[in-house]
Amino acid sequence: MKYSVHACGISMMCLAALAAPARAAEADAGSGKSDKASLSEIIVTAQKTVSTLQKTPIAISVVNGDAVSRLAQSTAEDVLKNVAGVEVQGAARGQVIAIRGLGTDTPPGVGESSVSTNFDGVYSIRAEANTLGFYDLERVEVLRGPQSTLYGRNATGGVVNMISANPQLGKTSLAVSAGLGNYGLLRGEAAINLPVGETLALRVSGTGITRDGYLNNGHSDQKGAGVRAKLLWKPSEDLSVLTGFEGAWLKGHGGGGVEVANFAAGQYYTTADSGIGGQDYFGYKIWSQIDWKVGPGIVTFIPAYQKGSGQNNGVFGGRGTYGRDPANIEQNSGELRYASAPGSSVQWIAGLYHYDYSQYTYSLDNTTYGSTAGFSYNRGISNAVFGQVTVPVANGLRLIGGLRETWDQRRAKGTDAVGNIVGGALSNSFFDYRAGLEYDVGAHSLAYFTASSAFRPGGVSPFDGKTFLPERLHAYEAGIKNRFFDNRLQFNLGGFYYDYSNYQVVDFFIGATGPNLVFYNVDARNYGLELDTQAAITPADTLNASITWLSSRIEGDLILHPADPFTAVNFRGQRLPHAPEWTIKGGYQHLFDMGNNGTITARGDLRYVSKQMVAPNNTAGAIQDAYATLDASLAWKSANERYGVTAYIKNITDKAVKTGYFVGYVTVGAPQTYGVTVSVKF
């Protein structure tokens with residue numbers, strides 16, 4: 001907290017400095033031109049109530065679901081790569097999201113991410129859904145910065161909300177798309193909406209994909225299928241009941257790693273690892289959302305149950321495994337909240353939250369795979385009460401106040417490096433707050449400042465029985481959101497300061513007694529600036545760009561073992577992993593209107609990311625140097641918007657990018673890929 005006063009002062013000066021030019025620019029826009037070019041309003045539910053993106057006092061980006069389908073974006077890396085301040089990390093299975101340098105390097109189920117990932121309002125602890133859940137989407141909302149009062153645990157870095165399309169009453173529709181590409185890619189997606197009387201509607205969607213691996217041993221492939229069914233009952237304007245089922249199957253080899261020496265020699269996708277084995281995972285979720293207008297507000301109840309199991313046999317990063325990971329994982333959650341109606345002068349929300357999970361994994365002795373017997377079991381229970389209110393106090397000025405109290409329990413047991421059974425338990429309670437103000441600088445300009453806290457739960461390592469502490473974050477953020485020139489230019493600017501206590505770090509190394517997996521805590525700080533802008537240059541031309549500058553530093557002594565022979569190194573003064581200093585992203589598209597022959601949209605996207613560590617390791621193998629990538633697409637749509645064809649190419653320059661590191665091996669992002677998708681709607 002020693003930087004808190006300094007950070008608060010910087011934030012307020014930033015806010016004041018930004019307000020004046022915003023007012024002047026808006027005055028200029030008022031004299032406007034009659035150009036038809038315009039940016040559309042985007043509706044979001046980031047604060048668990050309906051509002052527009054530009055009137056939400058949070059740094060937030062939205063990815064449109066149509067673009068996800070059209071460009072065959074089937075993973076978190078594909079969908080989020082153009083979002084400001086976001087990096088997607090590689091993992092043994094699935095992908096993990098980092099925002100403003102905060103993600104996770106802890107094993108799934110043992111530690112949890114700093115970014116809360118939610119599918120249709122339900123939190124998921126595992127990363128598997130990030131590889132297959134992106135179909136029949138309405139939108140993806142990315143909230144940057146801590147969101148603990150409304151989202152609770154694991155929202156220190158931010159929140160990613162994946163929102164699938166809901167059933168529509170009184171409408172029959174069918175949408176089908178299919179695609180093919182290099183590396184043997186075949187992908188299909190379909191969704192059907194069926195009305196059942198006047199108050200009931202059913203929507204069923206599904207997807208399937210098969211793609212060969214990028215690595216020479218067949219790993220880093222993608223094979224799987226998913227299905228989702230949602231039933232909406234709306235007997236009146238005051239009551240709606242939405243019930244859903246979602247299942248996902250993952251097959252193929254799964255993730256893979258490349259030796260650091262091979263990567264350094266330019267053999268980016270070549271490994272000596274065997275291609276034996278594979279993954280076989282199935283998981284499902286059952287959930288409901290009940291919204292009932294009662295008095296001045298809306299009562300919402302979201303119960304959910306998730307279960308998954310699978311095997312993951314094979315060789316990853318020079319190490320073999322044979323067993324089930326997870327043999328079983330179960331999650332139960334429930335949220336009950338009462339919130340003001342959209343558009344109320346005073347916005348308020350209060351609620352209760354419960355979450356519990358258990359995860360069990362095991363491996364067996366197997367000489368073919370080089371696997372040894374062992375197990376791990378993790379259990380967590382969390383309960384919380386929360387509330388937040390936004391109150392007008394003067395013309396255009398509103399105060400924000402929020403709080404959340406959470407009670408968290410963890411326990412774990414498992415086998416250590418020599419086969420002994422170890423275990424432990426940890427209990428904590430947390431009080432989180434959010435305080436701030438928002439001010440309407442003009443009709444289309446919103447300035448805001450917030451001070452907030454957040455936490456990421458601690459845990460118990462099932463590998464040695466030792467506990468690691470919860471992370472605590474105190475954050476300060478100021479920003480301004482603007483629409484200028486008759487809604488043709490969107491210019492959002494923000495600054496943030498993070499004061500971190502007990503940042504969680506995992507150290508994996510080979511010692512005298514064999515493999516070691518040790519958890520540490522250390523103080524750290526991040527601060528930075530973000531610019532996110534869009535422009536409708538003409539009715540046919542649009543431009544978007546974002547720039548993120550991030551300063552990051554480990555403040556305390558952190559002794560890790562990054563390199564063979566795994567001698568101790570103090571990481572004090574180093575940057576956090578997944579925290580590049582500069583990230584620049586931009587895109588341009590032009591629409592060719594061909595009248596009755598439809599439209600053609602040409603688009604290009606460029607990304608530049610400066611040097612970063614892809615794991616808590618400062619050796620050359622774990623450092624990704626600065627790089628740039630380029631994507632392009634050409635999309636035709638019929639005049640009645642029923643038919644569409646898109647050709648795309650991703651990573652045009654075929655840049656091999658490290659996304660993760662694990663003891664002498666790196667995970668590598670996709671090489672150059674290209675393909676075509678065809679879609680039809682009825």
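Let me begin by describing the structure that accompanies this report. (Residues numbered from 1 in each chain as written. Predicted model: local features only at pLDDT ≥ 70, side-chain atom pairs only at ≥ 80, totals over all residues. Heavy atoms only, no water.)

## Here's the deal with a positive patch on the surface
Operational definition: Within the patch definition used here, like charges are joined within 9 Å and nonpolar side chains (Val, Leu, Ile, Met, Phe, Trp, Tyr) within 5 Å, considering only residues with over 30% relative accessible area and no salt bridge. Areas reported here follow the Shrake-Rupley algorithm with a probe of radius 1.4 Å; residue values treat only the protein chains shown as occluding. Salt bridges are defined as contacts in which a side-chain nitrogen from Lys or Arg sits within 4 Å of a carboxyl oxygen from Asp or Glu. Note on charges: Lys and Arg go in the positive column, Asp and Glu in the negative column, and His and the chain ends are not counted at all. Where a charge lies is defined by one atom per residue type, namely NZ (Lys), CZ (Arg), CG (Asp) and CD (Glu). In this description a helix means any DSSP run of H or I spanning at least four residues, a strand means any run of E spanning at least two, and both kinds are numbered starting from the N terminus.
Taken together, Arg-70, Lys-171, Lys-637 and Lys-681 make up a surface patch of like positive charges. Tracing the backbone shows Arg-70 in helix H2 (residues 65–70).

## Observations regarding the side chain of Thr-361
Spelled out, the test is: The rule is simple: take the accessible area with a 1.4 Å probe, protein chains only, and divide by the maximum for that residue type; under 20% is buried, over 50% is exposed, in between is partly exposed. Pairing of N or O atoms within 3.5 Å defines a polar contact, subject to two protein rules: one partner must be a possible hydrogen donor and the other a possible acceptor, and residues neighboring in sequence count only if both atoms are side-chain atoms.
Secondary-structure assignment places Thr-361 in strand S20 (residues 347–363). Residue class for Thr-361 comes out buried when judged on its relative accessible area of 13%. Within the structure, the side chain of Thr-361 is placed 2.7 Å from the side chain of Ser-376, a separation counted as a polar contact.

## Some words on the sheet that holds strand S8 (residues 137–144)
Selection criterion: Between any two strands, pairing holds if DSSP finds at least two bridges.
Strand order in this open sheet of five strands is S3-S8-S9-S6-S7, and the pairing throughout is mixed. Each end of this open sheet is capped by a strand with a single partner; those strands are strand S3 (59–64) and strand S7 (122–123). Where S8 lies against strand S9 (residues 158–164), seven bridges are found, and the strand directions are antiparallel. Bridge pairing in S9 places Val-140 opposite Met-162.

## Quick look at the sheet that holds strand S40 (residues 665–668)
Spatially, S15-S40-S39 is the arrangement adopted by the three strands of the open sheet, whose pairing is antiparallel. This sheet does not close on itself; its edge strands, each paired only once, are strand S15 (258–259) and strand S39 (658–662). Pairing between S15 and S40: two bridges, direction antiparallel. If you follow Glu-259 over to S40, its bridge partner there is Tyr-665.

## Considerations on the pattern of salt bridges
Per the stated rule, a full pass over the model turns up 33 salt bridges. Here Arg-410 makes a salt bridge to Asp-408, at a shortest N to O gap of 3.6 Å. Sharing partners across several salt bridges, the network here consists of Asp-78, Lys-81, Arg-607, Asp-631 and Lys-650.

## Things to note about the pairing of strand S41 (residues 673–681)
Note: strand S10 (residues 173–181) against S41, seven bridges, orientation antiparallel. Considered in S41, the bridge of Ala-178 is made with Val-678.

By themselves, these observations are geometric and do not establish any function.
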